[in-house]
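One-letter residues, chain by chain:
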Amino acid sequence: MNQTRREFLRLAGAASAGAILLPKTSWAAPFAPATKNRLVMIFLDGGNDGLNTVIPVSNDAYYKARPELGLKGPDLHSLNVDFALHPALAAWRDLYEQGALSVVQGVGYDRPDYSHFVSRDIWHGGCRNTPEPVTGWLGLAAARQNAGELPPVALGVSEAPLLLKTAVTAGLTVGDLANFYVETLPQLPQDMTQSGALAMIHQASSLAYSTSTRLREVAARIPAGSNYPDSSLADRLKLMARLARADDGPQVMWTRLGGFDTHALQPGAHAALLKQLGDATAAFHHDLKFAGRAAQTMVVIYSEFGRRLAENGSAGTDHGAAGPMFVIGGGARGGMIGAATSLTDLDDGNLKAGLDFRAVFSEVVRDWLGWSAADLFDGAFANGTASAGLLTS
Amino acid sequence: MTFALGPLIPMPQDPFAALEAYDPQQGHGPWDAHHVAHLLRRAVGGPMPGQVEELQRKPADAVVEKLFQPSDISLESIWGASGVALAATNERPRLASWWLMKLAQDEYALGNRLAVFWHDHFATTWSKINDGQQMLAQHSTLLVLGAGPFRKLLHAMIEDPAMLRFLDGDSNRRGLPNENLARELFELFALGPGNYTEMDIREAARALTGNTVRQGVFTFEKMLHDPDAKTVFGKNIQNGADLINLTVRQPACAEFLAEKLWRYYVSPSAPPEVLQLLVERWRDHDLDSGWLVRTLLASRAFHASSSMFSLIKSPVDYVVGVIRALSGRPDPREMDTACSLMGQQLFEPPGVQGWQGGSAWIHTAAWLERTKFASAVAAGSRGLLRDAPLQKLFPTRHRLQCAALLNEVLAALLPTGLNTQRHFLLQKQLESSPNRVTTTLLQETAYSVMCLPEYHLS
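1. Let's talk about the pattern of salt bridges
At step 1: Under the definition given, this model contains 37 salt bridges over all chains.
At step 2: Aspartate 121 of chain A is the salt-bridge partner of arginine 120 of chain A, the closest N and O atoms lying 3.9 Å from each other.
At step 3: For aspartate 121 of chain A, a relative accessible area of 22% corresponds to the partly exposed category.
At step 4: By sharing partners, the salt bridges in this structure join Arg308 and Asp348 of chain A together with Glu179, Arg183, Glu198 and Arg202 of chain B into a single network.

2. Some thoughts on the interface of chain A and chain B
At step 1: Contact residues are listed per partner, giving 51 residues for chain A and 54 residues for chain B.
At step 2: For the pair chain A and chain B, the two sides together bury roughly 4,400 Å², of which 57% comes from carbon and sulfur.
At step 3: Interface area lost by chain A to chain B is led by Glu159, Gln187 and Ile201 of chain A, which between them contribute 16%.
At step 4: Our count for the contact surface shared by chain A and chain B stands at 2 salt bridges.
At step 5: Among the salt bridges present, the one from arginine 202 of chain B reaches aspartate 348 of chain A, with a minimum N-O distance of 3.8 Å.
At step 6: Mapped onto the side of chain A that touches chain B, the elements with two or more residues apiece are α5 (116-125), β7 (172-174), α7 (196-221) and β11 (317-319) of chain A.
At step 7: Among the elements that take part in the side of chain A that touches chain B, α7 of chain A stands out by supplying 11 residues, more than any other.

3. Points about unusual backbone geometry
At step 1: One non-glycine residue, aspartate 348 of chain A, lies in the positive phi region at around 55°.
At step 2: Of note in this structure, asparagine 90 of chain B is not a glycine but carries a positive phi near 65°.
At step 3: On the basis of relative accessible area, asparagine 90 of chain B is assigned to the partly exposed category, the value being 28%.

4. What to know about the sheet that holds strand β2 (residues 54-56) of chain A
Strands belonging to one sheet form pairs held by backbone hydrogen bonds; the direction of such a pair is parallel or antiparallel.
Residues and elements named next belong to chain A.
At step 1: Spatially, β2-β4-β3 is the arrangement adopted by the 3 strands of the open sheet, whose pairing is antiparallel. Each edge of the open sheet is held by one strand with a lone partner, namely β2 and β3 (77-78).
At step 2: In this sheet, strand β4 (residues 83-85) lies alongside β2 in antiparallel orientation, the contact comprising 3 bridges. Its bridge partner lying in β4, valine 54 is registered against leucine 85.

5. Some words on the pairing of strand β9 (residues 297-303) of chain A
Residues and elements named next belong to chain A.
At step 1: Counting buried residues in β9 gives 7 out of 7 residues, a clear majority hidden from the surface.
At step 2: Burial of β9 is two-sided: the residues Thr297, Val299, Ile301 and Ser303 facing one way and the residues Met298, Val300 and Tyr302 facing the other way are all buried.
At step 3: Sheet analysis places β9 next to strand β12 (residues 323-329), joined by 4 bridges and oriented antiparallel. Bridge assignment links valine 299 to a residue of β12, and that residue is isoleucine 328.

6. Considering the confidence of the model for chain B
Low pLDDT means the predicted atomic positions in that stretch should not be read closely.
At step 1: The predicted model of chain B has a mean per-residue pLDDT of 93, with 98% of residues at 70 or higher.
At step 2: The complex model carries a pTM of 0.88, and its ipTM stands at 0.91.

7. Details of helix α8 (residues 232-245) of chain A
All names here are of chain A.
At step 1: In this model, α8 (14 residues) spans 20 Å end to end at C-alpha, consistent with the 20 Å of a helix rising 1.5 Å per residue.
At step 2: Burial analysis of α8 places 10 of its 14 residues in the buried class, which makes it a mostly covered element.
At step 3: Those residues of α8 not exposed but buried are Leu233, Ala234, Arg236, Leu237, Leu239, Met240, Ala241, Leu243, Ala244 and Arg245.
At step 4: Looking at the buried positions of α8, the neighbouring elements they touch are β1 (38-44), β6 (153-155), α7, β8 (252-257), α9 (266-290) and β9.

8. So, the side chain of glutamine 427 of chain B
Residue and element names in this part refer to chain B.
At step 1: The topology assignment puts glutamine 427 in helix α25 (residues 420-431).
At step 2: Residue classification places glutamine 427 among the buried positions, given a relative accessible area of 18%.
At step 3: Contacts of glutamine 427, omitting those with residues within four sequence positions, involve Cys402, Ala403 and Leu406.

9. Considering the packing of helix α7 (residues 92-105) of chain B against helix α20 (residues 315-325) of chain B
All names here are of chain B.
At step 1: Direction vectors running N to C along α7 and α20 enclose 50°, while the axes themselves pass 8 Å from each other. Relative to α20, α7 is oriented oblique. Between α7 and α20 the crossing geometry is right-handed. Contacts between α7 and α20 involve Leu100, Leu103, Ala104 and Gln105 from the first element and Val316, Val320, Ile323 and Arg324 from the second.
At step 2: Its residues assigned to classes, the contact of α7 with α20 comprises 6 nonpolar, 1 polar and 1 charged.

10. A closer look at empty space enclosed by the protein
At step 1: For the coordinates displayed, the defined rule picks out 2 cavities of 30 Å³ or more.
At step 2: Taken as a whole, the largest cavity encloses approximately 120 Å³ of empty space.
At step 3: Ranked by the residues each element gives to the lining of the largest cavity, the list is headed by α20 of chain B, at 3 residues.
At step 4: The volume enclosed by the second largest cavity comes to roughly 90 Å³.
At step 5: Along its surface, the second largest cavity is lined by 17 residues, and Tyr302, Ser303, Phe305, Gly323 and Pro324 of chain A are the ones closest to its centre.
At step 6: The leading source of residues in the lining of the second largest cavity is β12 of chain A, at 4 residues.
At step 7: When the residues that make up the lining of the second largest cavity are grouped by side-chain class, the tally is 11 nonpolar, 5 polar and 1 charged.

11. Let's talk about helix α15 (residues 240-248) of chain B
At step 1: Taken together, the buried positions of α15 of chain B are Gly240, Leu243, Ile244, Leu246, Thr247 and Val248 of chain B.
At step 2: Capping the start of α15 of chain B is the job of one residue whose side-chain oxygen sits 3.2 Å from the backbone nitrogen of alanine 241 of chain B: asparagine 239 of chain B.

Thresholds, definitions, all that
- Residues numbered from 1 in each chain as written.
- Chains lettered and ligands numbered in written order.
- Predicted model: local features only at pLDDT ≥ 70, side-chain atom pairs only at ≥ 80, totals over all residues.
- Heavy atoms only, no water.
- Salt bridge = Lys/Arg side-chain N within 4 Å of Asp/Glu carboxyl O.
- Buried < 20%, exposed > 50% of the residue type's maximum accessible area, 1.4 Å probe, protein only.
- Contact = heavy atoms within 4.5 Å.
- Buried area = accessible area lost by both parts, 1.4 Å probe.
- Helix = DSSP H or I, 4+ residues; strand = E, 2+ residues; numbered from the N terminus.
- Pairing = 2+ DSSP bridges.
- pLDDT = per-residue confidence, 0-100.
- Expected span 1.5 Å × (residues − 1).
- Axes fitted to C-alpha atoms, helices over the stretch in contact; angles between N-to-C directions.
- Parallel < 35°, antiparallel > 145°, perpendicular 65-115°, else oblique.
- Left-handed = near helix turned anticlockwise from the far one by under 90°.
- Nonpolar A, V, L, I, M, F, W, Y, C, P; charged D, E, K, R; others polar.
- 1 Å grid on protein atoms, 1.4 Å probe; cavity = no way out; pocket = protein on both sides within 12 Å on 5 of 7 lines; lining within 4 Å.
- Points joined across faces, edges and corners; volume = space filled by probe spheres on them.
- Polar contact = N/O pair within 3.5 Å; in protein donor to acceptor, adjacent residues only side chain to side chain.

Right under this line is the structure:
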């Protein structure tokens, strides 16, 4: 972050905390680890149907395109005259009213790709024009920071996300923290001078052995929060809250919630996923709020694409393009961010992006984490100065 | 890889030479433990005790042929109940551990490991299907057709009940197409991204209407089939059979599959000219995957030094390799548990894209599980080496001599895979280990060797 911008944010935060929900303390004492801003990322794997998450209730084009799946009626949670949340997202409506939830509308990228895997790699690689990226933007951004800290952690995963990969490491992954240990270390020669796969394996083993004790110690110091619902995402967020509350916990955590590829029989499946997401993230937010850390912890929720405006014939929706992102807590200003997506000016039946995900993440990296966002993304975003208006209007 | 011992065998520059059969008689290189172990790792998951010595005495081409034997381990022999009865119980771990037992105990059945490739390729998850009969049926199809013409396998997959249900093909019908199966057919199963248009997908989805599942079996329902003409890749087609015939003739199909099989069997990347020649010949063989695997495993390219230890072992390769090397007769469920914790739960891939594989297998969570598995094997716990504990395999006379014992353990687990410098450092480390009070030298040696980065390469 450049000095002027930092100064502006600090002053703005101090002067009008109501208008811009900035965590004042983090800027007042930027070097104290206790107030370091934290980032939690939740990836909705499969392509979340944004249109049935934030329903454009005043738009006829939506109901015309979705005679069977279109949502309406009193169960929806109204945000304003034009938009309402899915009935399963009651918990989010409360967050929205408190200014703790931001809906970032119409996020995507140019020339959308409809493959889950290509699109996911674009989001995680940070580059539209690199067909098979081998590193992730978050891994690169973190690698340039203080080496002594815990690197970003992917929790509850059985595969390492590209997002955390660098040329030398796949990043820190933890399936279940209770299993993240070994009783006795093997005797291994430490002269790893080889390159390529061997060096990568050596790196992973060293990182695993050195962080396993530390992560468990960090978590053990912080008691688990209460009032979490019973779901696998909630379990993970409960653990993340402990790590986020610890002064020496990891600064960035990531997890995924799968099942969003709703080509058929969407209504029940999508409702269950959104309920899990809404209830778990709200519990997380309240847990941190109780601990006085909600303002320092930002939750960013995203998916590799939205779904097509028109429903298909299987009570489902096919792969689409732009969709909403969601931000909870932290310094986000709350409310609707970005312009509403047109449902008539379409690209081959798909929504056009009004906001590029690289702008959103540039702002998060630079203005929230306080890291450089230069050279993480490609195209017009390479210099790392783009903003989405998440933290400031 | 420079750490492997043995003479340097260059990758032939000429594509014809790269694909010709590796023949020690012609001076291509030796037929020694190094090469035999390499072949066994890639074909069947690794050598069993005595297997390398035995095969070294046979001609190289005869050994490749030998690997095409069918499995002789039935579901009944593992679980004492018929396959149908077991499938009816709907327990994923039983079918998965039967598969792992075949991998661990069939001496030569290459089809077991090839089936892992196809399962990863046509990834279908038990949790969505939740029907043991259908998952077993799909597994059998992959085993039976996996070493034959790709066209037949691909055709079988678009009529496979588990696949149809997995990718919503069963709800794809006239007037209300569902693109899911059509999209993955092109992107993941046959052509790879960029080799089709969105319109091709929409038209292909219409061609597949009518394929559905009734009472658990495949049915073509004419009433649900869209009778209008469809245009895919600029050609008019009518139904699924047309679509498959057209798709496998797309230039991208043979290239996509041959390259992926190369990455599974030979090395992380194929030299473009070699791949091109391979693809041309494969087309002459009706895209017969058995022919392709046989050709690859027999080739000089396969035996080049740059191919050796160039791949990262999957969890299944690692677990199976350890059990094979140590003659284990494990509790079958323990292998499944171990592989699952390391990130490869058979019949439950992370999604239709299968496992990322390669370097993505190695991350901290997975690594600690690999370490814990090694520790349990060395300690003889979790029933992993039932009937054949380490002590039986390694001679008593070496039990207290670090250098000799390390040589024995390396010969069994990592034949010729550790360079002299690293070997020396490992030995020093073991000699000065403070753990003699809590663990035996044999246990610690085996544990450490299984945790060497080198051991996780194939």
